[in-house]
Amino acid sequence: MNIVKLINKKKTIVFLVLLFLSLGFFQFADTSDPLSFTITVSCSDPDGDLSTCEVTLPIDPTDTGPNDGICPESCASDSCSCSFTCAAPGDWSVCGKATDAEGLTDEDCSTETIGCVNHPPVAAFSCDPESCCYAYTDSSNPILTLINSSSDPDGEDDIAFSKWKGVRPSSNCPGLCDYTVQTSGLSSGNYEISLKVIDKSNASSVATGTIEIKQDIMADFLCSMDEEGPWEDCTGFKGIQKEYIYFKDISTVSEGAEYITSRIWELDGDAFSDENEATSSVKLLERSNIIKLTVKDDAGRTDSALSTLKARLPLPTWKEVAP
Amino acid sequence: MELFKTFKKPKDLLLVIILIMIAGGIFWGIWNYYYHAMPQQVLVITEKPLYTSNTELSLAIKDILPNRICFSSCYPYFFERKDPKWVAYDYNNKCDHPDMIESCLEPDFAKFFTIFLPSLDPGVHRILIPVALNKEVGDFFQRDEVYYSNDFIVE
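Please read these numbers as outputs of a predicted model, since none were measured by experiment. (Residues numbered from 1 in each chain as written. Chains lettered and ligands numbered in written order. Predicted model: local features only at pLDDT ≥ 70, side-chain atom pairs only at ≥ 80, totals over all residues.)

## Describing the overall build of chain A
Piece 1. Within chain A one finds zero helices and 28 strands.
Piece 2. Per-residue burial for chain A yields a buried fraction of 28% across its 323 residues.
Piece 3. A separation threshold of at least 6 residues defines the contact pool for chain A, and within that pool the share at least 24 residues apart is 59%. (Helix = DSSP H or I, 4+ residues; strand = E, 2+ residues; numbered from the N terminus. Buried ≥ 20, exposed ≤ 12 C-beta atoms within 10 Å, placed from the backbone. Contact = placed C-beta atoms within 7 Å.)

## What about unusual backbone geometry?
Piece 1. Cis geometry is found at the peptide bond from Gly229 of chain A to Pro230 of chain A, where omega equals 5°.
Piece 2. Its location among the elements puts Pro230 of chain A in the loop between strand 19 (221-224) and strand 20 (232-233).
Piece 3. With phi around 75°, Asn202 of chain A is a residue other than glycine that occupies positive phi space.
Piece 4. Within the secondary structure, Asn202 of chain A is located in the loop between strand 17 (189-199) and strand 18 (204-214).
Piece 5. Positive phi, close to 70°, is recorded for Asp108 of chain B, a residue that is not glycine.

## Some points on the interface of chain A and chain B
By convention, interface size is frequently given as the accessible area that disappears when the constituent parts associate.
Piece 1. Across the contact, 17 residues belong to chain A and 19 residues belong to chain B.
Piece 2. Considering each element in turn, the side of chain A that touches chain B owes the most residues, three residues, to strand 28 (residues 319-321) of chain A.
Piece 3. A per-class count over the side of chain A that touches chain B returns 10 nonpolar, one polar and six charged.
Piece 4. As defined by bridge partners, strand 28 of chain A adjoins strand 8 (residues 110-116) of chain B across three bridges and the pair is classed as antiparallel. Along strand 8 of chain B, the bridge assignment pairs Lys319 of chain A with Thr114 of chain B. (Nonpolar A, V, L, I, M, F, W, Y, C, P; charged D, E, K, R; others polar. Pairing = 2+ DSSP bridges.)

## A closer look at the sheet that holds strand 11 (residues 125-128) of chain A
Residues and elements named next belong to chain A.
Piece 1. Overall, antiparallel pairing links the three strands, which are arranged 11-13-16 in an open sheet. The open sheet has two free edges, formed respectively by strand 11 and strand 16 (179-180), since each of these has just one partner strand.
Piece 2. Note that strand 13 (residues 145-148) and strand 16 share two bridges and pair antiparallel. Within strand 16, the residue paired with Leu146 across the bridge is Tyr179.

## Overview of the sheet that holds strand 22 (residues 244-249) of chain A
Residue and element names in this part refer to chain A.
Piece 1. Taken together, four strands build an open sheet; the order of strands is 20-19-22-25 and the sheet is antiparallel. The sheet terminates laterally at strand 20 and strand 25 (279-283), the two strands that pair on one side only.
Piece 2. Examined bridge by bridge, strand 19 and strand 22 share four bridges and lie antiparallel to one another. Counted as the bridge partner of Ser224 is Tyr246 from strand 22.

Okay, structure coming up:
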């Protein structure tokens, strides 16, 4: 008769074997690795002439059953232990054998499915913040982080890898790791994200979800030497020192916004217009000038555009004076 | 008439003419030698060796050429900076009037000018003066020669 008592799944398994001649105990006690076990067999003889107590693992240790360790083991006492680690999940048999002084033996075996059976992980993730499962194009505000809330019945430590896919760059990391969505270079739209978690036994699970990348506000402006245009891209545009140069805002609002609520124009860090003017002008004083436009829309999104403008020297003039 | 009576033969007159031509040639040669030994340039000198941007610079120009020199009304001068070769600044390329000659300088005369320095990059500078030779005020300017000032530093 076998008595199997599961004290703590994954932790300790104790089962008893009652022999015809002897009384034996099989005790499974795991070590730090959930797939490593120590078997202890207790033997007894009603006649009191117990000779040896053995523990054996009939399944080939290099096959699907237990291996390593020091099993089998034979002891000249009423208790015998051996340790092993599972090479792979699966069922296996352990046997206890008691022999008395007269050479009478009794053996009992048990096939167990507990212990070396791996439980696959369960993949799951959520957005952080949970109510905001979106990000903006080319923006790190807000930072959208996907929280890896995967679990494994065999313990969190059993998860070997997490693989995030959906938006570049993909991310592979050991154990459980979160994923920060990089929106640089992404166009707006919905993106399906998948998280695959793989445990130490190569069992895996995949969770998918959708995030939204919204078009962010984009600040930009054009340049001209004349108030009425023609307007040109400011890249490579050259103004003239001490003459007015004109700017025209061509910013686009963020997804969901309707209009620009604020425009601040700056020359070398000093604001020369902050009254939400779509066109503005300033005299370039230096050979190299940095123009900055900061815009904000009614969705509260802000962006800035910078342009370094070179200034030509003005027409050379001189005044004749008396010696 | 008395002079001609001294030449008793025609060949005497011919001899005198030849002597006069030889003497003239010698004089011309001497004059030409010393003329070319004289300075043949335009002096362009700044008042100080050190300036800062957005200040006035005083400039003297003396014509030591045998020619009249004339200046452009659009671009009478250009600043150049040493970096490490001489590099001309980029100027406003739209002169709002025809590039006529508006002033000239006769040989051995000098003129003085003040220039308001724009914002220049720090470093060693010089002034390039393009000139037209032997033109008149009101003619279209055409660059014949360029002359340079002394080097000066812009802080």
